[in-house]
Structure formats: C-alpha cells, structure tokens
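Structural features, examined
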Amino acid sequence: MMGRVPVMMLLMLVLGLLQCVAALEHRGAPLRVPRAGAVPTLRGDHPVAETGDRTEYSRLSLRGGGIPPPLIPLAVVVGGTSIALKLNEDLRGRVLKLVQDLKSKIPGGKGKQSLRPKVVIPEGYDVRNGTWAYEVNEITPGCLLVASPDTFRFAGPRQVLDQSVILLVRHGKSGSSGFIINRPTQFDVGDVTKKLAAFEQNPLYLGGDIGEGVYMIHGIPGLRNATEVSDGIYYGGSEHAMSLVQDGVAKPEDFRFFFKYAAWAPGQLENEMESGCWCAVRSSLDLVLKPRSYPGLHFAKAHKVFWHQVLQTLGGRFQNVSRDTIIKEETERMKMEEWVAILQDGGNTSVLNHEGIEMGAMAMSTVTSQLTQPDLEAVHDSVLAMTDKVKGLLPAGEESTASQKLETLSATFFSDYTLSGPEDDISNANNDPAEALMVNNVVANKKGSALALSFLYMASARQLGVPLRALNCTARMKVPVDFVVRHDPAGSEGVDSAAIFVDLAQNGRMMGVEDVPQDTHMEGTQGAVPHVQLYSRVMHKLADGYARVGEEEQVLIWLQQIRILQAAINTVAIMQAQAAAQNEQGDLAPGAAGAEGQAREPAKLHDILKGELVAADGSKTSAEQLKGKTVAIYFSAGWCQPCKAFTPQLIQVYSKLKIADGKDFEIVLVSADRSQEAFDDYFGKMPWLAVDFADAETRSALSAAVGVQGIPMLAIFNEEGQLITTEGRAAIASDPMGDKFPWLPDGAEEAVPADAAAQ
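A brief look at the structure comes next. (Residues numbered from 1 in each chain as written. Predicted model: local features only at pLDDT ≥ 70, side-chain atom pairs only at ≥ 80, totals over all residues. Heavy atoms only, no water.)

**Some points on the packing of helix α8 (residues 357-365) against helix α12 (residues 450-463)**
Put simply, the rule is: Where helices are involved, their axes are fitted lines through C-alpha atoms of the stretch in contact, as for all axes, and angles between N-to-C directions lie from 0 to 180°. Only DSSP runs of H or I covering at least 4 residues are called helices, and only runs of E covering at least 2 are called strands; the numbering of each starts at the N terminus. Here the angle decides the label: under 35 degrees means roughly parallel, over 145 means roughly antiparallel, 65 to 115 means roughly perpendicular, and every other value means oblique. When checking whether two residues touch, look at their non-hydrogen atoms; a contact exists if any pair is within 4.5 Å. The classification used treats Ala, Val, Leu, Ile, Met, Phe, Trp, Tyr, Cys and Pro as nonpolar, Asp, Glu, Lys and Arg as charged, and all other residues, Gly among them, as polar.
With their axes 8 Å apart at the nearest point, α8 and α12 run at an angle of 150° to one another. Comparing their axes, α12 and α8 come out roughly antiparallel. Each of Ile357, Glu358, Ala361 and Met364 in α8 lies in contact with α12, whose residues at this interface are Phe455, Met458, Ala459 and Arg462. A class-by-class count of the residues in the contact of α8 with α12 yields 6 nonpolar, no polar and 2 charged.

Structure below.
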C-alpha cells in the first residue's frame, strides 16, 4: 500500500504540469522550413527519450472539436496504476513526454517492463463521440495519414496525394494500402458502375492512383465479407450492405465509396514516414465515415479545406502549419492574379496578343526578391530611355523602316549593355546562371546574357513600333543554337522570307531567314512563339540552376511558379471564351436593339458616376464637376505590379496635360484593392480623384460599363460622357508626352454628341 502512494502522488502531479504544457503547446512556433534538403513536414521535431541509437519523438496532440468541445478521456497506465485524464480544447500537451518523465521518477522504474507508461483510450469509450484527433507514433490500420505540405506537389502521377488525408486499411510485410478520404469527384457511384444499384446516388471519391475498381468503407459491424480495419471501421461487404439498405436497416449515406486506392511497396511507407512525408493520426470516426460537403466550393478544392480542418482539429503546432500554408496559398493566388493582369495588357483577352514583356520580367523578379517601387520603375524607365535615345538617332522628318529601327536599336542597346559569359558560351542560352536572369539585376549591372537582355531589347523594340517574338523557346534545347528574335511586318505574319531576324547573342546582328539555325522551336519554319513561352523557359532555367547547387526549396518555388503561370494562361483563355460567348449572346438577344431596330446607346459616364469623389488628402468633390471635361477612368490596384509600373507614367502625362497645357482633363481611380487600408496606401500617392472605396456599387457599375477584363485599364470618355476608347494605357505608352490627347481612335473625330445629331 505504501509503495503505491508515491505513484499516485506523481500521477496527480502530472495534472498540474499538463496545464503549463498546454499553454506552451498552444503557442507552438511556426513550422521550420529548411533552406535545403527535406521539404516541410508535419512531424514533431522535439526528441523526448533515447532508446539505444534511436530517438523516439513525442508527437501526440489531442484536441476536442464541436460546440462545446467534448471531453476525451485518456488513461495513463503505469505499473497497473491508472488515472483518467480528461483532455479538451484547453488541454493539448505532450502527454507522452510527461509520462516518460514520470517513469524516470518512479523508484525502480528503469528496466522494469511492468512500469512502462503508455497512453490509451479506455475500454468501453465510444470513439464516435465528438470530433477529435491526435498524433501517434505508430502506423497501423485505421489510422489517418496526413500529407505534409508540398511533399507531393510535383510528384508526377502521385500529385493526387498532395494535401491528402488517407485512411490506412492495410499495413504489413507485403506493403500498405488505403483510401484518400478528402478527394471528392464530380461523379456518383452510378456513373462508374451499375453493380451497386442501392448506392448509385452516393458521391464517389478518388481513393488514389492505383487500380480501377470501386471500393467501400463503413462503420456497420457484422456485414458478410467485410473486413474490420480498426475499431468501428470496416472495409467491403457491398452485397450485404445493399440488402440492408433495401430492407431499410441501413441508409445509403452510411457507406462511402472510392474509385482506385493508394498503395505502397514493402517498406516504402516506413521510408516516407521517416522522411517526414506523412503524419500518422488517430481520430474520431466522424472524420473518417462522415463525408464533408462544402456548398459553393468547386470539388477540386474541397480536399484542401478538409486537410486544413484535420490540422485545426489536431491543434497546437499543426494549426501553425495550416496557417502558414494558407498564407502561402493566398500569396500564390495573388501572384496568379498579377499574371492574369500582365497577360491581358490591360484589355486584351488573348495570351497570344500579350506584348508587355518587361512586365512579365518584373513579375518574375518579384517572386523571391522584395523589390521596391523605385526598383520596378527603374526597369520601366530604362525601356523609355532607350526608346528616346533610339528615336533621337533616327532620321528626322521621315518614317523609318523596321530594319532601320532595329539596326539603330541594336547599335544603341549593345553600347549600353554588355553580353556576359565566355564568348563560346554566349550562343547557348542553357548556360545562363540563375541569378543573372532577373531583369532588375540586368538594369542595375548593365550586363546580362542574351536571354536575360532579351526582355529589355524586345520591350524597347515594341515602343519603337517593331514588335518582336522569340524563337528557340523550348525549356531545354536539343543542341546549342543562337538566341534569335523575329519581327513580322504587318500583313506578312508567318511569312519567313518577309520576316526580320535579330541574333541577340551576336550583339543584335540582323539577318535573313537563310541565316537562322534550323533547330528552332517549330520544325520546317523559323516560327515565333508567344512571350509566355519565354517566361516558362526562364523559370525552367531558374529551377535547373538551383537544382545544380542543391537549393531544393528554390527549385520547388520555381516549379510552382510555372504552375501559377499555366493557371493564369488557362484563366485568360477561359475569360476569352466567356467574352466571345457574351458577344455572341448579345448579337442574338432580342433586346440588343431598340424598338425601331436602332442599336442601344451605351450608358454615359455622367449617368453612372454620381455623388461625391474623394481626393488623396481626404477632401471631396462633386462628380457634377466632371461634366464638360475629358475624363479617364483608371482601373487599378496596389497589388498589381503592371499597375504600379504604369501609374508613374500616367502621373507624368496627367501633370503635363492639366498643369502645363491647361487641358480640361481629369482622372478618376476605380480601385480593385482588397481593403480600405490598401486603397488608402495606393491612392495616397496619386494627384487625381477616386471613387470612394466604400462605394462598391459605383465601382462595379463602371467596371461593367466598359467591360473590364483585366487591370490596369484606362477608359477615356469625352466631354459628353461618351466612351472614346478602353485602350488608354496603350495610347499613353506610345504617346508619353500626350501630344495626341485625347487619343481618339481612327474615325472618332467625326463623331458628334447625341443632342447635336438629333437637331
């Protein structure tokens, strides 16, 4: 009796210590992201006990869910003496570590198997109670395998395992298998098989990347031909299950179905666990057997939500992993929006028409560098300065040919910029060092490879009215070839004999089609490719460059940037299809014409823009004062890099026209910022007016009136409030001094106000 008292006292001491541990666990530090080597994992990184040469990790984190959180009892058993601990939302500590400490304090505890402490769920406790999860040290059937962030993001066919939660149903010497429980599809069971008539309306989940069959799990004991996976979880028995549903004993929603499964060869799962690819978890049955539905969310994104919910249920440091992953995903989403804005050039809906190549170069530069606004403006200013210098050298009073412009540009450009690298390596763009590809470094150092210099050269040529496209833009070229760009005269697009070719690896040497290397991007022709392929090529070079020096984190970053760029390309393509469909519907709609067959008159600016406008200093101005003025509506946002690059140029022309030239001209900002604070910060640097950020209705109406597809966009209205053009950004880019104000398109000079026409 006396021997048991110290044990009980020590066990009671555990209860007091647990509260302190819970507070520390709740404040767990964010997941440590290594600069190189292993990818971020969910595995704990605090050793708690040494066993021979092997360090055991305490990775237990238990948290109740629901409102109010249920009490989850655990029994700490030491030498036959136990005490029940009720752990809820306020208590998620390192129970195993404390028990190990307790073991060391028990007299004679070392070496005695009977005193080995363990934490177990008491017999008889209904594991269906509540929603809870805790991390375990062993992988056994019935546990959940939670994928660590980014582990399978670029794993080829195994990408289906990215942010997956897998129910392990088999694990042994012959290998392991299980089902992904958080990958819904757009299909029902009946879309795949007619052999499960009672379950044809059940949603079908993607269970993995192996096999072709349909598999079933459930929580109903006693089904014939069913296999018990763990307490309360069963696999198989579909024929008996159908009879139970038909007899009304069970309901279809009591069963979950999966197409394919996940599998591991013998020892493979253990190796992946050791590498930190997975975190093993024990959970309440509702997380396994009760499918989650997310109304309004696309099925392809549902797995992410459930993955985060599991981490939130685990609590502690897992919440930090979830938070950090959400932040990263939001950053990537914003980057995709930036790429969409860049590819649209403020108005076009076709990736093929994208011209602002320096914008794409700056977008790549901001991926891993915290560039300031002056850094970005320096790139834009360098292009304008080069353009002005070339214009000053061209013959005055006559229109120069494309060849004259490019010859002058090459001579001027390569007197300011130096080709880098050994002479025999310049012709091979594959040899570009990763760090030298960023356009801001090229501008600062006045030096770069042919590939790195191509962005500035092509941007300058566009400003001169000679648009260029690159050749040889495959990610990996078969043989070393020159870096060549191509100009197609208007009306002769795709005609090789009429095209002008420039070899940037040879200081901009002009040449004909007969001099172009035959190993180009397209067989049988020296065809041009869109700028997006040049971006993709640079990103692949960056990933390859970092791989050579072992910077695995950077490799993952640039591989993800390639995916983000592709997502932006797909988004623009979808927007193009939507715009085409809307135009077609508009042409066919009965209301597209007036009662007398006349086209409907577009809404005027003054009919939409009413009330008060705000200035950067907080003062307000009535929109009525815009009547009789030429007004430019500037659709922009502080998060948009193309917008931030264009804004200084717009300020310059605005100041000249309004102050120096005395024009009746005003600009009104329509912000696409995400918060009032972001709007205030961005608008605070502008000299014109803005629609109040709180006036979302007016901002939306203006966007709809001019058909905004991307930003930055500058729509210009005449004195009558009629829309002149939505291509104001392109007009100002080609006329930075405002000499052609108000930038009327061809034929617009003949337009007259509606009231004058009526008279």
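**Some points on the pattern of salt bridges**
The test is simple: By convention in these notes, a salt bridge is any Lys or Arg side-chain nitrogen within 4 Å of a carboxyl oxygen on Asp or Glu.
Using the criterion set out here, one finds 18 salt bridges in the structure. Residues aspartate 661 and lysine 656 are paired through a salt bridge, measuring 2.8 Å at the closest nitrogen-oxygen approach. A salt bridge links glutamate 666 to lysine 658, with the nearest nitrogen and oxygen atoms 2.5 Å apart. Overlapping salt bridges bring together Glu330, Arg333 and Glu337 as one network.

**Structural notes on the pairing of strand β12 (residues 203-206)**
The condition that has to hold: Any two strands are treated as partners once DSSP identifies two or more bridges connecting them.
Here strand β11 (residues 184-188) runs beside β12; their pairing, made up of 2 bridges, is antiparallel. Counted as the bridge partner of aspartate 188 is proline 203 from β12. When β12 meets strand β16 (residues 255-264), the two strands line up parallel, connected through 3 bridges. Paired with leucine 206 across the two strands is phenylalanine 259, which belongs to β16.

**With respect to the environment of methionine 737**
Here methionine 737 is to be found in the loop between α19 (728-734) and α20 (754-758). For the pair methionine 737 and tyrosine 654, spaced 83 residues apart in the sequence, the C-alpha separation amounts to 9.3 Å. In contact with methionine 737, other than residues within four places in its own chain, are Gln652, Val653 and Lys656.

**Focus on the sheet that holds strand β22 (residues 500-503)**
Pairing is antiparallel in the open sheet, where 4 strands are placed in the order β20-β21-β22-β23. Two strands in the sheet have a free side with no partner beyond their single neighbour: β20 (469-470) and β23 (509-511). Relative to β23, β22 is paired through 3 bridges, and the arrangement is antiparallel. Bridging from a neighbouring strand, phenylalanine 501 pairs with methionine 511 of β23.

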